[in-house]
Amino acid sequence: MAEMVKSTTSSGPRTAEANPVARFFRATEIDTRLLGMIGALVIIWIGFHIITGGLFLTPRNLWNLSVQTTDIAIMTTGMVLIIVTRNIDLSVGSVLGLCGMIMGVTQAKILPEYIGFDSPFTWVITLLIGLIAGGLIGTFQGMIIAFLNVPSFIVTLGGLLVWRGATWLVTSGQTVAPMDQTFRIMGGGAEGSIGATWSWIVGIAACLFVIASIVGSRRQRRRFGFPRRPIWAEYFLATLSCVLILGAVWIANSYYWPVNIAKKYAETNNIPWPETGLDIPYGIAVPVLIAIVVGIIMTFIATRLRFGRYVFAIGGNPEAAELAGIKTRWVTVRIFALMGVLAAIAAAISTARLNAATNSQGTLDELYTIAAAVIGGTSLAGGTGTIAGAMLGALVMQSLQSGMVLAHVDTPLQSVVVGTVLVVAVWLDTVYRARAK
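Residues numbered from 1 in each chain as written. Predicted model: local features only at pLDDT ≥ 70, side-chain atom pairs only at ≥ 80, totals over all residues. Heavy atoms only, no water.

The name given to the protein chain in an unreviewed UniProt entry is Xylose transport system permease protein XylH, with Rhizobium lentis as the source organism. Check the Subcellular location (unreviewed entry) section of the UniProt entry for the protein chain; it says "Cell membrane". Database annotation for the protein chain, UniProt heading Function (unreviewed entry): "Part of the binding-protein-dependent transport system for D-xylose. Probably responsible for the translocation of the substrate across the membrane." (UniProt positions renumbered as here; feature names shortened; annotations may be inferred.)

Trainee: How would you explain the overall build of the protein chain if you had to name every residue and give the values?
Mentor: Broken down by element type, the protein chain carries 19 helices and zero strands. What you see for the protein chain is a C-alpha radius of gyration of 23 Å, in line with the 22 Å of a compact globule of 437 residues. Scored against the burial criterion, the 437 residues of the protein chain give a buried share of 44%. A separation threshold of at least 6 residues defines the contact pool for the protein chain, and within that pool the share at least 24 residues apart is 79%. Put simply, the protein chain shows about 22400 Å² of open surface, and 67% of that area lies on carbon and sulfur atoms. (Helix = DSSP H or I, 4+ residues; strand = E, 2+ residues; numbered from the N terminus. Rg over C-alpha atoms; globule rule 2.2 N^0.38 Å. Buried < 20%, exposed > 50% of the residue type's maximum accessible area, 1.4 Å probe, protein only. Contact = heavy atoms within 4.5 Å. Areas by Shrake-Rupley, 256 points an atom, 1.4 Å probe, with all protein chains shown as cover.)

Trainee: Give me the lowdown on helix α16 (residues 328–354), citing residues and values where you can.
Mentor: For α16, with 27 residues, the first-to-last C-alpha span of 39 Å sits near the 39 Å given by 1.5 Å per residue. Most of α16 sits inside the fold, with 20 of its 27 residues counted as buried. Positive backbone phi, approximately 60°, marks Asn355, located one or two places after α16. (Expected span 1.5 Å × (residues − 1).)

Trainee: For the pattern of salt bridges, give the residues involved together with the corresponding values.
Mentor: If you walk through the whole model with that rule in mind, you get five salt bridges. With its nearest N and O atoms 3.1 Å apart, the salt bridge here joins Glu234 to Arg218. Note that Glu234 is positioned in helix α11 (residues 231–253) and Arg218 in helix α10 (residues 195–224), a separation of 16 residues in sequence. The burial state of Glu234 is the same as that of Arg218; both residues are buried. Glu234 serves as the salt-bridge partner of Arg229, at 3.2 Å between the closest nitrogen and oxygen. The same class applies to Arg229 and to Glu234, which are both buried. (Salt bridge = Lys/Arg side-chain N within 4 Å of Asp/Glu carboxyl O.)

Trainee: Give me the lowdown on a nonpolar patch on the surface, citing residues and values where you can.
Mentor: Together, Ile110, Tyr114, Ile115, Phe121, Trp123, Val124, Ile125 and Ile129 give the surface a local cluster of nonpolar side chains, amounting to about 730 Å² of exposed area. Only α7 (112–115) and α8 (122–147) provide two or more residues apiece to the nonpolar patch. Secondary-structure assignment places Ile110 in helix α6 (residues 92–110). (Patch = residues over 30% accessible without salt bridge, like charges linked within 9 Å, V, L, I, M, F, W, Y side chains within 5 Å.)

Trainee: Quick one: what's the story with the packing of aromatic side chains, residue by residue and with numbers?
Mentor: One pass over the full model with this rule turns up 11 aromatic pairs. Among the aromatic side chains, those forming a connected cluster through ring pairs are Phe24, Phe25, Trp232 and Phe236. (Phe/Tyr/Trp six-rings, centres within 6.5 Å; stacked < 30°, edge-to-face > 60°.)

Trainee: Provide a residue-level description of the nonpolar core, including the pertinent values.
Mentor: Here is a general trend for soluble globular proteins: nonpolar side chains tend to be buried in one another's company. Formed by 78 residues in total, the largest nonpolar core has its most connected members in Met75 and Met79. No other element matches the 13 residues that α16 contributes to this core. Excluding residues within four positions of it along the chain, Met79 makes contact with Asp89, Val92, Met339, Thr369, Ile370 and Ala373. One finds Trp63, Val67, Ala190 and Trp257 within the second-largest nonpolar core, a separate group that totals 13 residues. (Core = buried A, V, L, I, M, F, W, Y, C linked by side-chain atoms within 4.5 Å.)

Trainee: Residues and numbers for unusual backbone geometry, please.
Mentor: In this model, Ala177 is joined to Pro178 through a cis peptide bond whose omega is -5°. Position of Pro178 relative to the elements: it lies in the loop between α9 (152–171) and α10. One non-glycine residue, Ser172, lies in positive phi territory at about 55°. Checked against the element boundaries, Ser172 lands in the loop between α9 and α10. The backbone phi angle of Leu364 is positive, close to 70°, even though this residue is not glycine. Along the chain, the position of Leu364 falls in the loop between α16 and α17 (365–375).

Trainee: Give me the lowdown on the state of the cysteines, citing residues and values where you can.
Mentor: The full count for this structure, using the stated rule, is zero disulfides. Cys242 supplies the cysteine sulfur nearest to Cys207, a cysteine that is in no disulfide, at a spacing of 3.5 Å. The exposure class of Cys242 is buried, given its relative accessible area of 15%. (Disulfide = S-S within 2.5 Å.)

Trainee: Let's hear about the packing of α17 against helix α18 (residues 387–406): which residues, and what values?
Mentor: Packed helices, taken two at a time, are described by the angle between their axes plus the distance between the axes. As a packed pair, α17 and α18 sit with axes 7 Å apart at the nearest point and diverge in direction by 120°. Between α17 and α18, the crossing angle belongs to the class labelled oblique. Considering the relative orientation of α17 and α18, their crossing is right-handed. Mapping the contact onto sequence places Tyr368, Ala371, Ala372, Ala373 and Ile375 in α17 and Ala390, Gly393, Ala394, Val396, Met397 and Gln401 in α18. Residues belonging to the contact of α17 with α18 are distributed by class as follows: nine nonpolar, two polar and no charged. (Axes fitted to C-alpha atoms, helices over the stretch in contact; angles between N-to-C directions. Parallel < 35°, antiparallel > 145°, perpendicular 65-115°, else oblique. Left-handed = near helix turned anticlockwise from the far one by under 90°. Nonpolar A, V, L, I, M, F, W, Y, C, P; charged D, E, K, R; others polar.)

Trainee: Can you break down the environment of Ile375 residue by residue, with the values?
Mentor: Within the secondary structure, Ile375 is located in helix α17. Take Ile375: its relative accessible area is 14%, and that puts it in the buried class. The residues touching Ile375, leaving out its near neighbours within four places in the chain, are Met37, Gly393, Val396, Met397, Val421 and Ala425.

Given below as structure tokens:
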């Protein structure tokens, strides 16, 4: 009982006066804005499920939705840091297209002349070249912004045109295909999934990680004398997280390979084909795992490293950050370099999923990336934003697109809906910040 009283996060009288809902949120420290986004996502899912006659909330569509979200989700983690520092990057879609074309040409035309086809090193060399290209492009743009004092809007708007044109020049507009077999694993599909067993292993490992994080955080708070959540709140958060994780794994394992692919797999591995068919679960897709790992790393960078603190300090007050000794120009360069690398990772996933590098790859992705960050709570005024919120915003954006496609909504109307959602999100952010003051 003493532990329960001591670990409460607020004073006694204040807690007594608050209503039960307020006490619950104060005790669990759940971000109400993030919870509101989750509520909006649930409403979108249920609405589209009803409109599409039960097609939306199926394992097949949810699995495809998770894979389709990965490109934007990965890039929006970098866009958060850029917008937090009061900058913008309009070139990420074109950078994705150029990096994708470079990786496509590398593995389909250049490397086969030196190491042959289906070499085990093809995908490694290809990915490395793509990451270097993305990093160099981002560094180049960041240098212009930081040291030549050209506004990021203008630099990246020019980059949008330049890198899109460069994508066309690489192959004179020709599509490059097919991609290396191992490289295609990053795109998902039957080959790019880890199966049921490994999915459960990953899910259980994720649950253990969450529990360890909660226990470690509580110990750190106790060590430094910070307020701690009540024990029941810790149990609630751990249970809720594990239920969501294992539920997602169950959904991924409920989607099975198509019959033709399953038959081919059975013939190749000399597996008898039963009369009822062979159900082989996809499991978690590799690109989804990549996006989750990127999200964890970016969250660590933004919240645990000195670089992340510098980013938010610059966004809160650039002049004060400069006077405090922060090398704001080099921080800006690193942010844009990081954004270029993330665009290259997204390009690898996109190219692998398409099994081709195309001239139109990444078109309008910059708008969806910015929209996802803003919908996820990143303020265009700078200084505020979370990686988790931005990735959830990417899922909201893709859910709208996927749902409208299933509902046979015309493409022009889809653009109207997406644009309206973006404007409403910015307006809500403005209202929220005004009330917070």
